[in-house]
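# Coordinate inspection notes
What follows is the residue order along each chain.
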Amino acid sequence: MKALRAYAPASIGNVSLGFDVLGAALAPVDGSRLGDEVDIESADTFSLNTVGPFAHKLPGDADSNIVTQCYHYFCAQMEKVGKTTTPVAMTLSKNLPIGSGLGSSASSIVAAFVALNAFFDYPFDEDTLLTMMGELEGQISGSIHYDNVAPCYVGGMTLMTGATSPVTLSLPLVKDWYYAICYSGISVSTAAARDILPKQVDMATALTFGRQLGVFVHALHAGENELAASVMKDVIAEPYRKQLLPGFDDARAFSEQEGALAFGISGSGPTVFAVCDSEEKAQRIVAYLDEHYIQNEDGFSHVCQIPEQGTTVGPIT
Ligand SMILES: Nc1ncnc2c1ncn2[C@@H]1O[C@H](COP(=O)(O)OP(=O)(O)O)[C@@H](O)[C@H]1O
Ligand SMILES: N[C@@H](CCOP(=O)(O)O)C(=O)O
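Where an unreviewed UniProt entry is consulted, the protein chain appears under the name Homoserine kinase, with the organism given as Alteromonas stellipolaris. Under the heading Function (unreviewed entry), UniProt records this for the protein chain: "Catalyzes the ATP-dependent phosphorylation of L-homoserine to L-homoserine phosphate." The annotation that UniProt attaches to the protein chain under Catalytic activity (unreviewed entry) is "L-homoserine + ATP = O-phospho-L-homoserine + ADP + H(+)".

In structure tokens:
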């Protein structure tokens, strides 16, 4: 009997300078896995089982789980293109904390769609699947944004186009950048963290946003890493969201003093990240964040790099 497992990595939404349009996948340098997994196999009726360290924080009923909603949405899209589906048993290993700023819902959504697409012999191409993933992410967070689902699915650092094809573009990666990331352990709802943002931005902010993004993309392509890092500043969300994050200003001050190239909120927080040009610097910042930024026993930190590969799927061995 066919049984498959999909693994979908955590991701940094926005990467400070690209609100809703820039995202990056994450892989701890110690080789550990940081992301949700979805197993799928044939069954007489649909079922979803949830396991893993953060399963107890999920909604109690399977119908409210985003993975169940992905299954129903996938079946409806299959019907629209004249293809049939059969019932499946799915198991979600919920390894990412909810409301963490690590693209937790995106990780479940991407793992679910990749598992379903592979199980039913790849009926949908990358852009179609990404559009479906964005739709489900929008249902859960209150607005469609691809900056978690895209890097989680395709890997690397990705820039959203606003078009249906291609949905996303992959940017060059800086091989010697290390990301010190720390989840404080508290939960910040993405929908709530979007609600506190102003609905309009002023002209000066719009010009800064556009200039930063343009310079960043140029600098990555030109291999001018310092220039790229110099524009990693959030003028859209951080001024409003940092008040939700105890210890944020101190964490930034310490990271800058240790030589971090940039520091910011991952997604809607509370996870923060510091970009460093050496693993040693990132380890020193992680040690500080472990001691001073983490608020409770759910918190953790890692030194990560951005992996070229996103979600993987294969037989369960
Ligand atoms: N598989 C799932 N993974 C994460 N959240 C889920 C899942 N299924 C349902 N949810 C619900 O979706 C919402 C996700 O909240 P959100 O703040 O967007 O999380 P995140 O920023 O971590 O993706 C929560 O209310 C959570 O209970
Ligand atoms: N661009 C979104 C990203 C949300 O990421 P999450 O990991 O907090 O879900 C936003 O900033 O609202």
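Secondary structure summary: the protein chain contains 10 helices and 14 strands in total. The C-alpha radius of gyration computed for the protein chain amounts to 19 Å, which stays within 12% of the reference 20 Å derived for 317 residues, consistent with globular compactness. Viewed in the frame of its principal axes, the protein chain has a C-alpha envelope of about 60 × 40 × 35 Å. Going through the 317 residues of the protein chain one by one, you find that 46% of them count as buried.

Its domain assignment divides the protein chain into domain 1 (3-171) and domain 2 (178-305). If you average the C-alpha positions of domain 1 and of domain 2, the two centres end up 23 Å apart. Counting residues at the interface gives 26 residues for domain 1, matched by 36 residues for domain 2. Sorting the residues of the side of domain 1 that touches domain 2 by element identifies β2 (11-13) and β4 (27-28) as the ones contributing at least two each. Looking at the side of domain 1 that touches domain 2 residue by residue, the classes come out as 14 nonpolar, 12 polar and no charged.

Quick look at the nonpolar core now. Ranked by internal contacts, the top residues of the largest apolar core, which has 87 residues, are L26, C70, V110, F113 and A180. Per-element accounting of this core gives the leading share, 10 residues, to helix α2 (residues 104-119). Each of domain 1 (3-171) and domain 2 (178-305) contributes no fewer than three residues to this core. Beyond its immediate stretch of four places on either side in the chain, A180 contacts F273, A274, C276, A282, I285, V286, L289, S301 and V303.

Our focus in this paragraph is helix α1 (residues 66-80). With 15 residues, α1 ought to run about 21 Å at 1.5 Å a step, and its terminal C-alpha atoms sit 21 Å apart, in line with that. Taken together, the buried positions of α1 are occupied by I66, V67, C70, Y71, Y73, F74 and Q77. If you follow the buried residues of α1, they end up packed against β5 (35-42), β6 (47-51), β7 (88-93), α2 and α3 (126-141). Among the residues trailing α1, G82 stands out with phi positive, at a value near 75°.

Spatially, 5 strands are ordered β6-β7-β5-β1-β14 in an open sheet, and the strand pairing comes out mixed. The outermost strands of the open sheet, each flanked by one partner alone, are β6 and β14 (312-315). Between one strand and the next, the sheet's axes are offset by a mean angle of 20°, whatever the strand orientation. Both strand β1 (residues 3-9) and β14 contribute to a ladder of 4 bridges, which runs antiparallel.

Reading the values: the criteria
Each residue is numbered by its place in its chain's sequence as written, counting from 1. For this description, chains carry letters from A and ligands carry numbers from 1, given in the order in which they are written. Predicted model: local features are reported for residues with pLDDT of at least 70 only, side-chain atom pairs are reported and counted for 80 or more only, and whole-chain, interface and lining totals are derived from all residues. UniProt positions are given in the numbering used here, feature names are shortened, and annotations may be inferred rather than shown by experiment. The helix count covers DSSP runs of H or I at least four residues long, the strand count covers runs of E at least two residues long, and both are numbered beginning at the N terminus. Two things to know: the radius of gyration comes from C-alpha atoms, and the globule rule equals 2.2 Å times the number of residues to the power 0.38. Around each residue's C-beta, the other C-beta atoms within 10 Å are counted; 20 or more make the residue buried, 12 or fewer make it exposed, and counts in between make it partly exposed. All C-beta atoms are placed from the backbone. For each domain, the first and last residues come from an automatic or database assignment. Contacts here follow a simple rule: the backbone-placed C-beta atoms of the two residues must lie within 7 Å. Three classes are used: nonpolar for Ala, Val, Leu, Ile, Met, Phe, Trp, Tyr, Cys and Pro, charged for Asp, Glu, Lys and Arg, and polar for all others, with Gly counted as polar. Only buried Ala, Val, Leu, Ile, Met, Phe, Trp, Tyr and Cys residues enter a nonpolar core, and they are joined through C-beta atoms within 7 Å. For a helix, the expected span equals 1.5 Å multiplied by the number of residues minus one. Strands are labelled as partners when DSSP assigns at least two bridges between them. Angular values range over 0 to 180 degrees, each being the angle between N-to-C directions of two axes fitted as lines to C-alpha atoms, with helices fitted over their stretch in contact.

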